[in-house]
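# An overview of the molecular structure
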Amino acid sequence: MTILVLGGAGYIGSHTVFELIDRGEDVVIIDNLETGHIEAVHPKARFYQGDIRDRAFLDSVFDKEKIDAVIHFAANSLVGESMTNPLKYYDNNLCGTKVLLESMVAHGMDKIVFSSTAATYGEPERIPILESDKTEPTNTYGETKLSMEKMFKWTGLAHGLRYVSLRYFNACGAHKSGEIGEAHTTETHLIPLVLQVPNKQRESVGIYGDDYDTKDGTCIRDYIHVTDLAAAHILAVKYLVEGNESNIFNLGNGIGFTVKEIIEAARKVTGDPIKTVVTPRRAGDPAQLIASSEKARTILGWKPEHTDIEEIIASAWKWHEKHPNGFAK
Ligand code: UFG
């Protein structure tokens, strides 16, 4: 099969490309390299640099390549930035996806797997969160992802396109080789920031609030290894290729860890005391987000393999220790 991966030079996209190629699939990548990295592009993939908002560019790739299915990671994904620059998110995430769907429909492409997020739920009504729970995003990023899901739904009904939307919880960890991993120019995520302390890039890490109604007062999240996310995308492509209907799945381990527990696990992995400073809460952070991934397990046959938090952090550490500046030389 030939799979087109949009955003295949980014964090989750590049790990999915590596997994696809390991399994013998033929891969075409489109990435504008705005947040992706050329160094993360697998050497066996055919790479086209360009933007999904550029219809002529997309058409030229669809004309040239014989694509069986599309996996769509190409989006902006910083919650904080989405609140200060919402129109950037509407432009890239929503307008970009609109152009993509126009090009796909024009080329008779009818299968797409898409990166969605736990941020579509907003403040959860219960834990663990089910796919059928209410979706009321509390930030622009989540809102654009929810709108993208709806764009797929209505386009699918009109044009016979089928989609799988994968709502990730907290993506983390790195490829077993230690050669690709998380590398954001503006880093906001907990695990990479924690690991900057033993890497001597920061003195301490902030704990954003210790007065939440949780066991130790810090926020609880469901951390899911990027390789397990990659495996879910491949199962979702298979699901669509077998002719199944459009669907939405949560992807998480179903286990919650507090911020303090993550820092403690990182201390064990790195042997560093990792200094912390408690700071005020970060706006918009729900106290607790834990997925029910029963649906993905039952319907897709997905089973996360990396459930041990120290193992997950060790894989991230292997990458960050060797590449303290990400892909930058
Ligand atoms: N945190 C800290 N200190 C830091 C960074 C984060 O205490 O220096 C805390 C946050 O407050 C949060 C937890 O660590 O409680 C995890 O924060 P991240 O920024 O790593 O991840 P989020 O849970 O905010 O975000 C993740 C995804 C988003 C997605 C969101 C859904 O990265 O893409 O879940 O709510 F939108």
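Residues numbered from 1 in each chain as written. Predicted model: local features only at pLDDT ≥ 70, side-chain atom pairs only at ≥ 80, totals over all residues. Heavy atoms only, no water.

Going by the annotation in an unreviewed UniProt entry, the name recorded for the protein chain is UDP-glucose 4-epimerase, with Anaeromicropila herbilytica given as the source organism. According to UniProt, the comment filed for the protein chain under the heading Sequence similarities (unreviewed entry) is "Belongs to the NAD(P)-dependent epimerase/dehydratase family." Taken directly from UniProt, the Catalytic activity (unreviewed entry) text for the protein chain runs: "UDP-alpha-D-glucose = UDP-alpha-D-galactose". (UniProt positions renumbered as here; feature names shortened; annotations may be inferred.)

Residues in contact with the ligand amount to 20 residues; listed here are only the nearest, Leu190, Gly206, Arg221, Arg282 and Asp285. Within the side chain of Asn170, a nitrogen or oxygen atom sits 2.9 Å from an oxygen atom of the ligand. In the environment of the ligand, an oxygen atom lies 2.8 Å from a nitrogen or oxygen atom belonging to the backbone of Leu190. Here the ligand loses 92% of its free accessible area of 680 Å² to cover by the protein chains. Mapped by element, the contributors of at least two residues to the shell around the ligand are helix H6 (190–195) and strand E8 (205–208). Looking at the shell around the ligand, the element that brings in the most residues is E8, giving four residues. Taken together, the residues of the shell around the ligand sort by class into twelve nonpolar, five polar and three charged. Each of domain 1 (2–172 + 224–251) and domain 2 (190–222 + 254–322) gives at least three residues to the shell around the ligand. (Near = heavy atom within 4 Å. Polar contact = N/O pair within 3.5 Å; in protein donor to acceptor, adjacent residues only side chain to side chain. Areas by Shrake-Rupley, 256 points an atom, 1.4 Å probe, with all protein chains shown as cover. Helix = DSSP H or I, 4+ residues; strand = E, 2+ residues; numbered from the N terminus. Nonpolar A, V, L, I, M, F, W, Y, C, P; charged D, E, K, R; others polar. Domains from an automatic or database assignment.)

What follows concerns the pairing of strand E1 (residues 2–6). Of all the five residues making up E1, five are buried; the element is thus mostly covered by neighbouring parts of the structure. Covered by surrounding structure in E1 are Thr2, Leu4 and Leu6 together with Ile3 and Val5, the residues of both alternating faces. Following the backbone out of E1, through helix H1 (residues 11–22) and into the adjacent parallel strand E2 (residues 26–31), one traces a crossover that is right-handed. Relative to strand E4 (residues 69–72), E1 runs parallel, the two sharing four bridges. Its bridge partner lying in E4, Val5 is registered against Ile71. (Buried < 20%, exposed > 50% of the residue type's maximum accessible area, 1.4 Å probe, protein only. Right-handed = clockwise from strand over helix to strand, strands pointing away. Pairing = 2+ DSSP bridges.)

All chains considered together, the criterion is met by five aromatic pairs. Judged by centre distance (4.8 Å) and plane angle (55°), the ring pair of Phe114 and Phe152 falls under tilted. Of this pair, Phe114 sits in strand E5 (residues 111–117) while Phe152 sits in helix H5 (residues 140–159), and the two are 38 residues apart along the sequence. The class for Phe152 is buried, based on a relative accessible area of 0%. Relative to Phe249, the ring of Tyr239 lies with its centre 5.9 Å away and its plane at 90°, an arrangement referred to as edge-to-face. Of this pair, Tyr239 sits in helix H7 (residues 226–241) while Phe249 is found in strand E11 (residues 247–251), placing the two residues ten residues apart along the sequence. Each of the two residues, Tyr239 as well as Phe249, counts as buried. One aromatic cluster in this structure is built from Phe114, Phe152 and Tyr163. (Phe/Tyr/Trp six-rings, centres within 6.5 Å; stacked < 30°, edge-to-face > 60°.)

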